Amino acid sequence: MGKNKFLPRIAFLNLTIFILSLLIIAPAQAALSQDDKVAIGTEITTIYRAARGVIAKSQKLINDATKGDKGLSADVVITKTKENYKKATGNDFKMAAAGTLKAETQTALLNSIKEVMHNAQPLINEKGKGLKGFLPAIFAKQMGDGFNKNISGKAHIKLTAPKSYVRNRANRPDKWEADIIENKFKKPSYEKNKVFVADAKHKGKPAFRLILPEYYKEACLNCHGDPKGSRDITGGKKEGGKLGELGGAISFVIYN
Ligand code: HEC
């Protein structure tokens with residue numbers, strides 16, 4: 001049978017690719033230092049915030065009932081995300097070397113942003129509809145879910161908040177996050193904006209974990225401020241949060 005004579009060659013090729021991938025990819029990822037992991041966490045949380053910032057800045061436009069097409073395509077949002085990234089870091093966004101976990105996480109997040117924006121087009125471009133519920137935190141949740149799916153078990157990202165402030169149960173802090181939020185971030189002596197990193201389990205698996213505190217700004221208080229329990233424009237109950245108070249956190253994980 002003529003077909004079969006290719007089988008050994010294919011098997012050999014597969015074996016070669018397998019061995020090459022062990023030689024090239026495995027050591028590169030096994031060799032991640034704590035600094036490398038912090039760098040990846042910083043990169044991913046920075047892109048995540050940059051993208052959410054685009055949606056925050058576009059709220060008026062998104063909720064403009066007189067306009068159809070808002071011009072917020074996936075590509076436009078990626079371009080603006082990279083602009084925000086540059087504002088935040090002073091550097092141009094740059095893809096890491098192919099095959100590294102950093103590049104994989106960058107790709108997973110950028111693809112997630114594109115997917116979320118692609119799927120959101122009918123909603124945000126609906127003419128005649130004002131408030132659309134496409135809020136920064138909702139976008140962030142979707143962006144995180146997409147990232148977690150795309151990175152297939154190697155890393156994880158989530159927007160969370162102090163337990164008493166969480167609106168969406170899916171954003172509830174786990175035990176480790178709640179502990180850092182309550183016992184580190186909320187302490188007056190804790191340095192503002194400083195990330196906390198540790199080796200700790202996530203969903204039962206040993207991991208490197210990084211968590212970044214976020215604080216209420218004036219604009220947040222329209223929905224998260226006083227009077228506590230009164231309704232915000234989305235219909236949710238205001239938290240009674242104060243300016244500068246810890247309002248949330250971004251939690252990032254790299255599995256060992
Ligand atoms: C227009 C009202 C509105 C504004 C303004 C707003 N939020 Fe929210 N926020 C919400 C709603 C509604 C949710 C719940 C989203 C969901 O259901 O997933 C939320 C969720 C969150 C969450 C996720 C935790 C949770 O409760 O589920 C964080 C963190 C958060 N907001 C922080 C902020 C910060 C910080 C700002 C200002 C930069 C801000 N929000 C501005 C309405 C708002």
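Residues numbered from 1 in each chain as written. Predicted model: local features only at pLDDT ≥ 70, side-chain atom pairs only at ≥ 80, totals over all residues. Heavy atoms only, no water.

## A word on the pattern of salt bridges
As a reminder of what qualifies: Put simply, a salt bridge is a Lys or Arg side-chain nitrogen that is within 4 Å of an Asp or Glu carboxyl oxygen. Secondary structure elements are defined from DSSP: runs of H or I of at least 4 residues count as helices, runs of E of at least 2 residues count as strands, and each element is numbered from the N terminus. Note on classification: 1.4 Å probe, protein chains only; a residue is buried when its accessible area is under 20% of the maximum for its type, exposed when over 50%, partly exposed between these limits.
Evaluation of the coordinates by the stated rule reveals 12 salt bridges. For E177, the salt bridge goes to K158, with nearest N and O atoms at 2.6 Å. Taken together, the residues span a long stretch of sequence, with E177 in helix α7 (residues 175–185) and K158 in strand β1 (residues 155–160) at a distance of 19 residues. Using a relative accessible area of 14% as the deciding quantity, one classes K158 as buried. Residues D232 and R167 are paired through a salt bridge, measuring 2.6 Å at the closest nitrogen-oxygen approach. Placement of D232 in the loop between α8 (218–224) and β4 (246–255) and of R167 in the loop between β1 and α7 is noted, with a sequence separation of 65 residues between them. Judged by its relative accessible area of 7%, D232 falls in the buried class.

## Looking at the site of the ligand
Which entries qualify depends on this criterion: In these notes, residues near a molecule or strand are those with any non-hydrogen atom within 4 Å of it. By the criterion applied in these results, polar contacts are pairs of N or O atoms within 3.5 Å in which, for protein atoms, one can donate a hydrogen and the other can accept it, and in which residues neighboring in sequence qualify only through two side-chain atoms. Three categories are distinguished: nonpolar for Ala, Val, Leu, Ile, Met, Phe, Trp, Tyr, Cys and Pro, charged for Asp, Glu, Lys and Arg, and polar for the others, with Gly belonging to the last.
In the vicinity of the ligand there are 19 residues, among which R167, N171, C220, C223 and H224 approach most closely. For the ligand, an oxygen atom lies 2.9 Å from a polar atom in the side chain of N168. Here an oxygen atom of the ligand and a side-chain polar atom of N171 are 2.7 Å apart. Contributing elements (two or more residues each) for the shell around the ligand: α6 (136–150), β1, α8 and β4. Sorting elements by how many residues they give to the shell around the ligand places α8 first, with 4 residues. Residue composition of the shell around the ligand, by class: 10 nonpolar, 7 polar and 2 charged.

## Topic: unusual backbone geometry
With an omega of -10°, the peptide bond between D226 and P227 qualifies as cis. As for its position among the elements, P227 is in the loop between α8 and β4. Phi is positive for N193, which is not a glycine, with a value near 70°. Since its relative accessible area comes to 47%, N193 is described here as partly exposed.

## Brief notes about the coordination of the iron atom of the ligand
Stated formally: Distances decide who is a donor: an N, O or S atom must be within 2.8 Å of the metal, or within 3.2 Å for Na, K and Ca. Water is not included, so sites may look incomplete.
Its sole protein donor being H224 (NE2), the iron atom of the ligand sits 2.0 Å from that atom. By the element assignment, H224 lies in helix α8.

## Topic: helix α5 (residues 101–124)
Going by this rule: Expected helix span is taken as 1.5 Å per residue step, with the number of steps being one fewer than the number of residues. By definition, a residue's bend is the angle between the axes fitted to the seven residues ending there and the seven starting there.
Given a rise of 1.5 Å per residue, 24 residues ought to cover 34 Å, and the 33 Å separating the end C-alpha atoms of α5 matches this to within 8%. At H118, α5 shows its largest kink, close to 30°, and the proline P122 lies no more than four residues downstream.

## Section: the packing of aromatic side chains
Just so we agree on the cut-off: The rule is short: rings of Phe, Tyr and Trp, with Trp giving its six-membered ring, pair when the centres are within 6.5 Å, and they are stacked under 30 degrees, edge-to-face over 60, tilted in between. Charge over a ring is defined by NZ of Lys or CZ of Arg lying within 6 Å of the ring centre and within 35 degrees of the ring normal.
If you walk through the whole model with that rule in mind, you get 6 aromatic pairs. Ring plane angle 85° and centroid distance 5.5 Å describe the contact between Y85 and F93, whose orientation is recorded as edge-to-face. Taken individually, Y85 and F93 each receive the classification buried, so the pair is uniform in this respect. Relative to F196, the ring of W176 lies with its centre 6.2 Å away and its plane at 50°, an arrangement referred to as tilted. With a gap of 20 residues between them, W176 in helix α7 and F196 in strand β2 (residues 196–202) connect regions that are remote in the sequence. We note that W176, like F196, is buried. Over the ring of Y255 we find K205, and its NZ or CZ is 4.5 Å from the ring centre.

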